[in-house]
Protein chains: 2
Amino acid sequence: MKYNQVTIKDIARELGISPSTVSRALKDHPDISPETKKAVNELAEKLNYQPNIVALSLRQSKTNTLGVVIPEIVHFFFSTVISGIEDVAYSAGYNIIITQSNESLQREKTDIKALFNSRVDGMLISLSRETNSFEHIDAMMAKGVPMVFFDRVYDSANSSKVIVDDLSGAKEATLHLIEQGCKRIAHLEGPPNLDITKQRLQGFREALTENNLPVHEDLIVSCPQGTIEEGKAAAEKLLKMANPPDAIFATNDPAAMGAMQTIKEAGLKIPQDIAVVGFSNWFFSSLMDPPLTSVDQPGFEMGQEAAKLLIRQIEVKSKEHIDPTPETKLLKTRLIVRDSSLKSGKKK
Amino acid sequence: MKYNQVTIKDIARELGISPSTVSRALKDHPDISPETKKAVNELAEKLNYQPNIVALSLRQSKTNTLGVVIPEIVHFFFSTVISGIEDVAYSAGYNIIITQSNESLQREKTDIKALFNSRVDGMLISLSRETNSFEHIDAMMAKGVPMVFFDRVYDSANSSKVIVDDLSGAKEATLHLIEQGCKRIAHLEGPPNLDITKQRLQGFREALTENNLPVHEDLIVSCPQGTIEEGKAAAEKLLKMANPPDAIFATNDPAAMGAMQTIKEAGLKIPQDIAVVGFSNWFFSSLMDPPLTSVDQPGFEMGQEAAKLLIRQIEVKSKEHIDPTPETKLLKTRLIVRDSSLKSGKKK
DNA sequence: ATGAAAGCGCTAACAC
DNA sequence: GTGTTAGCGCTTTCAT
């Protein structure tokens, strides 16, 4: 924008002093006389002077801007993460530039390059579903661009990341069902290639074995997309069994929702006949009928932690001129108990 | 970022030519020899040269960046709008800087000032709920910053805006119910101070009168927050009436959802006994039970249109050096017919 | 206590 | 066809 921006020069000219003096006065430099400071600040105020951050950025090779690459913005979890990033960035005086890869590797590459060209001070990245090669990431790292990955992380030794502790979350959810007195707990499993799927299944298994309950392999049903439809189909299959489960721990909320629909249509009561627990990408568990007890994924906190980590790395690097050591932050989930799996022991 | 950025100078030095020649070669300037171009481009490629956009921005007083001020990111409607903005901005070669006001006027002021300092080429703004004074906006306009408002707009003669045609949307929704054969249609009304509330009520009334149906004032129930709870309370009130309605047009989806819950709990069938239509901030109408027929608010399109409008204004202004005339874009809604209000005439 | 000058990386008028 | 120069707005030595 050209337009009517007031510059330091304008103030200098008007006051008959030099631009450097104005610059110093504005930042309260010790060896500027109080009178000069006063005059400068008053005129700046009067003219509504606003420093040109672009010039500053060029001068200091620091933009105070974080680049964010996200698979899609319209997604409760990711928009929550953005909000968390924005929260921390704002407090620390950083802007955020948002790009969305739309789950495309090509787009992700372009985005990262564009962010580099904008000379962001660092990047926060959640990888696209397509991403299976990492040269574009490595290239940035080689240039020394600070990066922090979140949720969909780059699993490399020297990358910093923030992830959710899915194993503990799944364990907690299963444990909760066990405490309600459930004995035959089914698990609706997620996409087989994802790490989170394995973690959640593992947590499920551990909770059972640690409580001396058998793991019935036939009660583990795959929902490769984790959709409502798959949840329905899985529940149908489970209900048809000779000895159906008394509880379901679903890989995510849509699957849980589908299962709930099927159970209700079969005339069974939730949670009296079958208790249900989900693993949440949404906050909609509260809206389900009955409300769904769910493992809450801390998106906001993830954004905050990722931004904090990145900003710390940026500042360490700029001050100490050393590459900060990569860090991994594991976020705890929180089980939000609602109606669909009672708090008081329903069976003894 | 300082780090290892390759500059035009590096290429010039290595090739023994001047920086300006490199600059021209890189942008395929006509009077640079093919050989020089080739040499430059190859070396640039080899060194992985990336232009420094900050320097470019300073030089041209143009950042190719749009600032976005939004009340909250974690909201289906707004995140959809952001996605639309990002879509258009990306194609046009613009970055977007996102700020969220968190519905605070103070924060909105800070955000706008920060965006100005970053010298964004223009701003896309949806006002906070608190915003009742407009000096901060007027100040930016006075400086000549191109601005486009969307959804929560600044209702001034010389501001450009993109809004949804709530009146037609409400009319269409009501008309749909009339076509189903409904005679006594209730309306759950929204927050009384908002313009959209009036528009929707007006559309509701017009649809009835144009179809020679009486407007029963007692079937218009206020839901000042438009929440689930209010929807429930409103439905309870309506069901208690001596002559209850045969359809409900709700101000938004939560209210519709609440009403649906109450209706189902009363043992009535939707849509056979009472048809329901919502006005959507969410895409969740498809998940309701039965799925909710809903007036879809085109958030993505709104973001696209707002970004297009802003970019056009920016480019007109920079080329023709005149202030572009303010424009208003009225977006059509789309009635998405699902199960909860049948397509075929249910009553004759 | 203040000013002059250089430079961040890039481009564009003006040489030649 | 290519080099020289100046300047975008700012800060920061280095003078004085």
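Residues numbered from 1 in each chain as written. Chains lettered and ligands numbered in written order. Predicted model: local features only at pLDDT ≥ 70, side-chain atom pairs only at ≥ 80, totals over all residues. Heavy atoms only, no water.

Going by the annotation in an unreviewed UniProt entry, the name recorded for chain A is LacI family transcriptional regulator, with Dawidia cretensis given as the source organism.

Enquirer: Which residues make up the pairing of strand β1 (residues 65–70) of chain B, and what are the values?
Expert: All names here are of chain B. For β1, the buried fraction is high: six of the six residues fall into the buried class. Of the two faces of β1, the one lined by Thr65, Gly67 and Val69 and the one lined by Leu66, Val68 and Ile70 are each fully buried. Taken together, the six bridges between β1 and strand β2 (residues 95–100) define a ladder with parallel strand orientation. Looking at the pairing, Ile70 lines up with Gln100 of β2. With helix α5 (residues 76–92) bridging β1 and the parallel β2, this β-α-β connection has right-handed handedness. Note that β1 and strand β3 (residues 122–125) share four bridges and pair parallel. When the sheet's bridge partners are listed, Gly67 is paired in β3 with Met123. (Buried < 20%, exposed > 50% of the residue type's maximum accessible area, 1.4 Å probe, protein only. Helix = DSSP H or I, 4+ residues; strand = E, 2+ residues; numbered from the N terminus. Pairing = 2+ DSSP bridges. Right-handed = clockwise from strand over helix to strand, strands pointing away.)

Enquirer: Would you mind going over the sheet that holds strand β9 (residues 275–280) of chain B in detail, with residue names and values included?
Expert: All names here are of chain B. Read across the open sheet, the six strands follow the order β7-β6-β8-β9-β10-β12; overall the sheet is mixed. Unpaired on one side and paired on the other, β7 (220–222) and β12 (334–336) mark the two borders of the sheet. The mean inter-strand angle of the sheet, taken between neighbouring strand axes irrespective of direction, is 20°. Examined bridge by bridge, strand β8 (residues 247–250) and β9 share three bridges and lie parallel to one another. Looking at the pairing, Ile248 lines up with Val276 of β9. Strand contacts of helix α9 (residues 195–210): β6 (185–189), β7, β8 and β9, with the helix running at about 170° to β6, the strand carrying the most contacts. Along the sheet face, helix α11 (residues 253–265) touches β6, β8, β9 and β10 (293–296) and points at about 155° away from the line of β9. (Axes fitted to C-alpha atoms, helices over the stretch in contact; angles between N-to-C directions. Contact = heavy atoms within 4.5 Å.)

Enquirer: Go over the interface of chain A and chain B, please, and point to the residues and values.
Expert: With 56 residues of chain A in contact, the opposing surface of chain B contributes 56 residues. Summed over both sides, the interface between chain A and chain B buries roughly 5,300 Å², with carbon and sulfur atoms accounting for 58% of that surface. Inspection of the region where chain A meets chain B yields two salt bridges. Close ionic contact of Glu86(A) with Arg107(B) constitutes a salt bridge, the shortest N to O distance being 2.8 Å. Here chain A is connected to chain B by 20 residue pairs in polar contact (both at pLDDT 80 or more). Of all the secondary structure elements, the ones that give two or more residues to the side of chain A that touches chain B are α4 (53–60), α5 (76–92), β2 (95–100), α6 (105–117) and α11 (253–265) of chain A. The element best represented in the side of chain A that touches chain B is α5(A), accounting for seven residues. Classifying every residue of the side of chain A that touches chain B by side-chain character gives 25 nonpolar, 19 polar and twelve charged. (Buried area = accessible area lost by both parts, 1.4 Å probe. Salt bridge = Lys/Arg side-chain N within 4 Å of Asp/Glu carboxyl O. Polar contact = N/O pair within 3.5 Å; in protein donor to acceptor, adjacent residues only side chain to side chain. Nonpolar A, V, L, I, M, F, W, Y, C, P; charged D, E, K, R; others polar.)

Enquirer: I'd love a proper account of the protein's contact with DNA strand C, names of residues and values included.
Expert: The immediate surroundings of DNA strand C are formed by 25 residues, with Thr21(A), Ile8(B), Ser23(B), Tyr49(B) and Arg59(B) found nearest. Considering the 4 Å shell around the protein, atoms of DNA strand C inside it are sugar or phosphate in 66% of instances. In the model, a base nitrogen of DNA strand C is placed 3.3 Å from a nitrogen or oxygen of the Ser20(A) side chain. One of the backbone nitrogen or oxygen atoms of Ala55(B) is found 3.3 Å away from a base nitrogen of DNA strand C. Secondary-structure elements contributing two or more residues to the surface near DNA strand C are α2 (19–26) and α4 of chain A together with α1 (8–15), α2 (19–26) and α4 (53–60) of chain B. Across the surface near DNA strand C, the residue classes break down as seven nonpolar, eleven polar and seven charged. (Near = heavy atom within 4 Å.)

Enquirer: Before we move on, can you summarise the protein's contact with DNA strand D with the specific residues and values?
Expert: Lining the immediate environment of DNA strand D, one finds 24 residues, of which Ile8(A), Tyr49(A), Arg59(A), Ser20(B) and Thr21(B) sit closest. Of all atoms in DNA strand D that approach within 4 Å of the protein, 59% are sugar or phosphate atoms. Side-chain polar atom of Thr36(B) to a phosphate oxygen of DNA strand D: 2.8 Å apart, as the coordinates give it. One nitrogen or oxygen atom from the side chain of Arg59(B) is found 3.0 Å from a base nitrogen belonging to DNA strand D.

Enquirer: Can you lay out the layout of surface pockets for me, pointing to particular residues and giving the numbers?
Expert: All names here are of chain B. For the second largest pocket, the calculated volume is near 860 Å³. Contributing to the lining of the second largest pocket are 21 residues, with Ile8, Ser23, Tyr49, Pro51 and Leu56 lying nearest its centre. Counting only elements with at least two residues in the lining of the second largest pocket, the list comes to α1, α2, α3 (34–47) and α4. Sorting elements by how many residues they give to the lining of the second largest pocket places α4 first, with four residues. (1 Å grid on protein atoms, 1.4 Å probe; cavity = no way out; pocket = protein on both sides within 12 Å on 5 of 7 lines; lining within 4 Å. Points joined across faces, edges and corners; volume = space filled by probe spheres on them.)

Enquirer: Would you mind going over the nonpolar core in detail, with residue names and values included?
Expert: Ranked by size, the top nonpolar core spans 54 residues in total, and within it Leu66(A), Leu124(A), Phe150(A), Leu66(B), Leu124(B) and Phe150(B) carry the most contacts. With near-sequence residues (within four places) excluded, Leu124(B) lies in contact with Leu66(B), Gly67(B), Val68(B), Val69(B), Ile85(B), Val148(B), Phe150(B), Ala306(B), Ala307(B) and Leu310(B). Counting residues in each nonpolar core, the second largest holds 49 residues, with Ala235(A), Ile274(A), Ile270(B) and Ile274(B) among its members. (Core = buried A, V, L, I, M, F, W, Y, C linked by side-chain atoms within 4.5 Å.)

Enquirer: Quick rundown of the relation of the copies chain A and chain B? Include the residues and the values.
Expert: Mapping chain A onto chain B leaves a residual RMSD of 0.1 Å; the transformation is a rotation of 180° accompanied by 0.0 Å of translation along its axis. Put plainly, the chains are arranged around a two-fold axis. Across chain A, the smallest distance between a C-alpha and the rotation axis is recorded for Ile97(A), namely 2.3 Å. In this assembly the copies share their binding face: 100% of the residues contributing to the interface of chain A also contribute to that of chain B. (Least-squares fit on C-alpha atoms with pLDDT ≥ 70 in both.)

Enquirer: Give me the lowdown on the packing of aromatic side chains, citing residues and values where you can.
Expert: Both the distance between ring centres and the angle between the ring planes are used here to describe each pair of aromatic rings. All told, the structure shown has ten aromatic pairs over all chains when counted by the stated rule. Ring centres 4.5 Å apart and planes at 10° place the aromatic pair Phe134(B) and Tyr154(B) in the stacked group. With a gap of 20 residues between them, Phe134(B) in the loop between β3 and α7 (135–143) and Tyr154(B) in the loop between β4 (147–150) and β5 (160–164) connect regions that are remote in the sequence. Judged by relative accessible area, Phe134(B) falls into the partly exposed class, the value being 23%. An aromatic cluster of at least three residues, connected via ring pairs, comprises Phe134(A), Phe149(A) and Tyr154(A). (Phe/Tyr/Trp six-rings, centres within 6.5 Å; stacked < 30°, edge-to-face > 60°.)

Enquirer: Tell me about unusual backbone geometry, residues and numbers included.
Expert: All names here are of chain A. Residues Ile270 and Pro271 are joined by a peptide bond in cis, for which omega reads 5°. A positive phi angle, near 65°, is found at Glu103, a position not held by glycine. Considering the arrangement of structural elements, one finds Glu103 in the loop between β2 and α6. Judged by its relative accessible area of 13%, Glu103 falls in the buried class.

Enquirer: Any details on the UniProt feature "domain: HTH lacI-type" (unreviewed entry) in chain A? Residues and values, ideally.
Expert: The UniProt entry lists residues 6–60 of chain A under the feature "domain: HTH lacI-type" (unreviewed entry), expressed in the numbering used here. Within the segment residues 6–60 of chain A, helix and strand shares are 69% and 0% respectively, and the terminal C-alpha atoms sit 21 Å apart. (UniProt positions renumbered as here; feature names shortened; annotations may be inferred.)

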